[in-house]
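Results of the structural survey
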Amino acid sequence: MNAALRISAPGGAATIQDLGRPGFQRYGVPEAGAMDRGALRIANLLVGNDETEACIEFAVVGGAYEMVGGPGRLAVAGDFTVTVDGVKLAAYQSYDLREGSRLSIGRSASGVYGYLAVDGGLDIAAVLGSRSTHVRSGIGGGVLQAGMRLPLRQQRESFAVAQILPRASWPQYDGPIRVVLGPQDDFFTPKGIADFLAGDYRVSLRSDRMGYRLEGPPIARAGDFNIVSDGIALGSIQVPGTGLPIVLLADRQSTGGYPKIATVVSCDIRRLAQRRPQDVVRFAAVSADEAEEIAKADQAAFHGLCSHIRTAIDTDPYDSARLLQLNLVDGFIDGEV
Amino acid sequence: MSPAPHSGLPSAALCRILNAGDCGLVVEFGSAVDARLNGLVVALDARLRSEALPGVVETVPTYRSLLVLFDPIVLGRRELIAKLEMMSADLRPEDDSQTRRWFVPVTYGEGFGEDLDHVAALHGLTTDEVIRHHSQAEYRVYMIGFAPGFAYLGGLPELLHTPRRIDPRQRTPAGSISIGGVQAAISSVEGPSGWHLLGRTPLRTFDLAREDPFLLKPGDRVRFQPVPQAEFLRLKAMSESGAVTAEWEAAS
């Protein structure tokens, strides 16, 4: 029997997610998937997985885990404190656990979402091509609960050396959120659009994987506040009758009837998703052509970031955690050992 | 209303192409709920799917527009716009040979559709008249949305047009046959609804255990067939073992 990861205590709003379930929004099935896809990809790369592999996603608090039935290599992406068998370690690295070892992930120092990747992947059936969980429709890998055992799909016999993303290369999430106006910006007055682009908005407490509600200057409309329902892209900013925008995210419905003033540029979705309630959000408009260039530049930057993943230390895997602590108390290691 | 476009891009007279970020374009054929416009959406969707352009991730057909989601790293936005304009220029509505006419069994009234009496009273009709009008019309599936497999239908006879409930229900059963405003619907999973429940179908329009989990597609036609309670229970048992408990024929 393969080793398994036992959930001692689930993290906040913890679910199984991968890069989402595209292809079925035409049938009303939401896309779901990681709120911060970049972080999920990094977590996978740190354990040597394909970057599309399913991970455990958690919000604000990471949860506690135990390896049962064999050893396993895990990695955490996100600005969280990590403890392996009582030893405090940095995030954004791999951890080799022997059978019975415990890993716990504390509160996030910054941001909201974190990812726990497991070497070899989790043995969870794909539904409609994805393991992503959509809680409202009950599709996908599911919500994590204490006592659950998540078997590993592949067992690795031995681990080479720990992998790490140096702190200087951790993803950055600050700055304005870039948007392309449309598809229904013509439902708003020029002043409404100007207020939207100049305003300081704050992430509402009533925000979740479906969407982030924002509090700030209401956006004036030019006419009706309903449209004939149409499709909703990831990052669409809909404005209901209150005039307050809602940015629609991973678990959004596939269609909706409120006008959408703008759409967040794809690579800024993760930057918005990592804002906490009460954090400030400012928008900056870019043209669709500029957005395309931004997407290309972001892809190149992401590859550059991933190329900074490096071998941390070359030693017995069961000692590596302790040795790493010497170098990584503040999470930074320079050069290969 | 049809305000002057801000983000509208130059396109064929038939449609306008709107931006939905760096990974999305909306091809909009109009702003009304209209069978002809929806026919154009279905036709463009079929055309785009048959061409299987690398970089097109998925399409979401709705009442009067098609959302095209794409990967800008693989497929340039301007190139995609040019393709969409070309395809949209000579579309024929109903340009989709896959369209079907479904005969959906429904048990109306007590225990199955708790608003039947209310709707009848509202319109000064008997419940039998409501059932007759509802089941003799032919509907068109305009889109699937809101929840997996939830079908929005157009074609509700005018004398059954009914404003939505003031107080939406938090839970309505899967298979609910309902009406709201000028529309009708077939629900697929349990969920909230502000529409009036006339009956329920034993048919599962969404079933992950089936090879094709989704029965209804935009552009399909639907006719409702009243069935007694005993038949409902028989068909429901069949549905639960994976059978498709509705007949269909080619619609075109």
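The next point concerns the overall build of chain B. Looking only at helices and strands, one finds five helices and 14 strands in chain B. Relative to a compact globule of 252 residues, whose C-alpha radius of gyration would be 18 Å, chain B shows 20 Å and is just as compact. Dimensions of chain B along its principal axes, counting C-alpha atoms only, are 55 × 40 × 35 Å. Relative to its full complement of 252 residues, chain B shows a buried share of 48%. Of the contacts made within chain B by residues no fewer than 6 positions apart, 64% connect residues no fewer than 24 positions apart.

Here the focus is the interface of chain B and chain A. Contacts between chain B and chain A engage 42 residues on the former and 40 residues on the latter. Within the residue set of the side of chain B that touches chain A, elements represented by two or more residues are β1 (16–19), β2 (24–28), β3 (56–61), β4 (65–70) and β6 (139–144) of chain B. For the side of chain B that touches chain A, the element with the highest residue contribution is β3 of chain B, accounting for five residues. Residue classes in the side of chain B that touches chain A are distributed as 27 nonpolar, 11 polar and four charged.

Let us now look at the pairing of strand β10 (residues 113–118) of chain A. Residues and elements named next belong to chain A. The buried count for β10 comes to six of six residues, which makes it a mostly enclosed element. Residues Y113, Y115 and A117 point to one face of β10 and G114, L116 and V118 to the other, with burial holding for every one of them. Pairing of strand β3 (residues 55–59) with β10 involves four bridges; the strand directions are antiparallel. Bridge pairing in β10 links I56 to L116. Pairing analysis gives four bridges linking strand β5 (residues 72–77) to β10, with the strands arranged antiparallel. In the strand pairing of β10, L74 is matched with V118.

Bringing helix α1 (residues 35–51) of chain B into the picture now. All names here are of chain B. Between the first and last C-alpha of α1 there are 24 Å, a value that for 17 residues agrees with the 24 Å anticipated at 1.5 Å per step. When α1 is considered as a whole, its buried residues turn out to be L37, N38, G39, L40, V41, V42, A43, L44, D45, A46 and L48. At its buried positions, α1 is contacted by β2, β3, β4, α2 (77–89) and β6. A52 lies just past α1 and shows a positive phi near 45°.

Before going further, it helps to examine the sheet that holds β4 of chain B. Residue and element names in this part refer to chain B. The four strands are arranged β1-β2-β4-β3 in an open sheet whose pairing can be described as antiparallel. Pairing within the sheet leaves two strands with one partner each, and these edge strands are β1 and β3. Along the sheet, successive strands turn relative to each other by an average axial angle of 20°, direction set aside. Relative to β4, β3 runs antiparallel, the two sharing five bridges.

Attention now goes to the domain arrangement of chain B. All names here are of chain B. Partitioning chain B into structural domains gives domain 1 (16–89) and domain 2 (100–250). When each unit is reduced to the centre of its C-alpha atoms, the spacing between domain 1 and domain 2 is 29 Å. Between domain 1 and domain 2, the residue contacts involve seven residues of the former and seven residues of the latter. Sorting elements by how many residues they give to the side of domain 1 that touches domain 2 places α1 first, with three residues.

The next thing to look at is unusual backbone geometry. The phi angle of most residues is negative, glycine excepted, and most peptide bonds adopt the trans form. Residue and element names in this part refer to chain A. In this model, G182 is joined to P183 through a cis peptide bond whose omega is 10°. With respect to the secondary-structure elements, P183 resides in the loop between β13 (177–181) and α2 (190–198). Even without glycine at this site, A32 takes up a positive phi of about 55°. Looking at where A32 falls in the secondary structure, it is placed in the loop between β2 (15–17) and α1 (37–46).

To continue, consider the sheet that holds strand β15 (residues 211–215) of chain A. Residues and elements named next belong to chain A. Sheet architecture is open: eight strands sit in the order β21-β14-β15-β18-β17-β20-β13-β22, paired in mixed fashion. Edge positions in the sheet fall to β21 (280–281) and β22 (283–285), since each of these pairs with one other strand and no more. Summarising the sheet, β15 and strand β18 (residues 246–248) pair through three bridges and their orientation is antiparallel. Following the sheet pairing, G211 is matched in β18 by L248.

All names here are of chain A. With five of five residues buried, strand β8 (residues 93–97) lies mostly within the body of the structure. Across five bridges, the pairing between β5 and β8 is antiparallel. Each bridged residue has a counterpart across the sheet, and for L74 the counterpart in β8 is Y95.

With 91% of its residues at a pLDDT of 70 or more, chain A has an overall mean of 91. Note that residues 326–337 of chain A has pLDDT below 50 and, in this model, 16 contacts with residues that lie over four places away or in other chains.

Further remarks concern the confidence of the model for chain B. Within chain B, residue pLDDT values average 91, and 93% of them lie at 70 or more. Confidence over residues 1–13 of chain B falls short of pLDDT 50; this stretch has 29 contacts with residues more than four positions distant or in other chains.

The rules we used
Residue numbers here run from 1 along each chain, matching the order of that chain's written sequence. Chain letters start at A and ligand numbers start at 1, both assigned in the order the entries are written. Where local features are concerned, this predicted model is filtered to residues with pLDDT of at least 70; where side-chain atom pairs are given and counted, the filter is 80 or more; whole-chain, interface and lining totals use all residues. The helix and strand labels rest on DSSP assignments: H or I over at least four residues marks a helix, E over at least two residues marks a strand, and numbering proceeds from the N terminus. In this description the radius of gyration comes from C-alpha coordinates, and the expected globular size is given by 2.2 Å times residues to the power 0.38. Put plainly, a residue is buried at 20 or more neighbouring C-beta atoms within 10 Å of its own, exposed at 12 or fewer, and partly exposed in between, counting only other residues' C-beta atoms, which are placed from the backbone. C-beta atoms are placed from the backbone for every residue, and two residues are taken to be in contact when these atoms lie within 7 Å. Nonpolar residues are Ala, Val, Leu, Ile, Met, Phe, Trp, Tyr, Cys and Pro. Charged residues are Asp, Glu, Lys and Arg, and all others, Gly as well, are polar. What makes two strands pair is DSSP finding at least two bridges between them. Helix span is expected to be 1.5 Å times the residue number reduced by one. Here the axes come from fitting lines to C-alpha atoms, over the contacting stretch only for helices, and the angles between their N-to-C directions go from 0 to 180 degrees. Where a domain begins and ends is set by an automatic assignment or by a domain database. The predictor rates its confidence in each residue with pLDDT, a number between 0 and 100.

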